[in-house]
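# Close look at the chain arrangement
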Amino acid sequence: MRINMSWWVISIAVLSLAACNSSQNDSYVHEFVSGDVMVHEMFWAIDHDTPYPFTTSGVIACVYYPSFGREVYFFPEDYTDESYIGTPLNKSAASSLDKDNMSANVPYSIKQGADLSDAIQVGLRVCDEQSDMLSKL
C-alpha cells in the first residue's frame, strides 16, 4: 500500500497559499501538480540499476510549479508532514529553496557519493503520472 501523505500535505499548503493571495490566477491551481512514492532499500534493486542512494527508507516527492519547473525532494520516513522541508534532489528544487531562503530540515539521508539519477527520474515520473491523471479529468 502506498501512502500519499506528502502529496496531501504539499497540496494543502499550496492551496492555502493560493487562497490567501487575491491576485492569484485561478488557472494556477489547476496547473499545480504534486505526488510522491515510497522507496526502500530492499525493493530498490528490483527496478533500478544504481545502488539505493539514501541512508533510510522514505518518500520521493515531486512538485511542479508552472513558473519554476519540476522539483524533486526526498523525505525520510517519519519526516513527511508539513513542518519538514525535504532534501532537494534536482537543481529546480535546490534553486526554489535558495530563492525563498529555505533549506532542508530533515536528517541528512543521502549516502556519500550516491548516484541520484534514478531517484530524480522516479520523482519526475511521479509528476508526469499526476499531470497525466489531472489532464484526463
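Report follows, based on the coordinates. The shown structure was predicted, so the numbers you read here are calculated from the model rather than taken from an experiment. (Residues numbered from 1 in each chain as written. Predicted model: local features only at pLDDT ≥ 70, side-chain atom pairs only at ≥ 80, totals over all residues. Heavy atoms only, no water.)

Right, let's talk about the packing of aromatic side chains for a bit. Applying the stated criterion across every chain yields a total of five aromatic pairs. For the ring pair Trp-44 and Tyr-52, a centre distance of 5.6 Å and an interplane angle of 75° mean the geometry is edge-to-face. Of the two residues examined, Trp-44 and Tyr-52, each falls in the buried class. Among the aromatic residues, those joined into a ring-pair cluster are Trp-44, Tyr-52, Phe-54 and Phe-74. (Phe/Tyr/Trp six-rings, centres within 6.5 Å; stacked < 30°, edge-to-face > 60°. Buried < 20%, exposed > 50% of the residue type's maximum accessible area, 1.4 Å probe, protein only.)

This paragraph deals with the environment of Asn-90. Along the polypeptide, Asn-90 turns up in the loop between β4 (87–88) and α4 (91–99). Owing to a relative accessible area of 14%, Asn-90 belongs among the buried residues under this scheme. When the C-alpha atoms of Asn-90 and Gly-123 are compared, they prove to be 9.5 Å apart, with 33 residues separating the residues in sequence. With sequence-adjacent residues up to four places away left out, Asn-90 is seen in contact with Arg-70, Glu-71, Val-72, Ile-120 and Leu-124. (Helix = DSSP H or I, 4+ residues; strand = E, 2+ residues; numbered from the N terminus. Contact = heavy atoms within 4.5 Å.)

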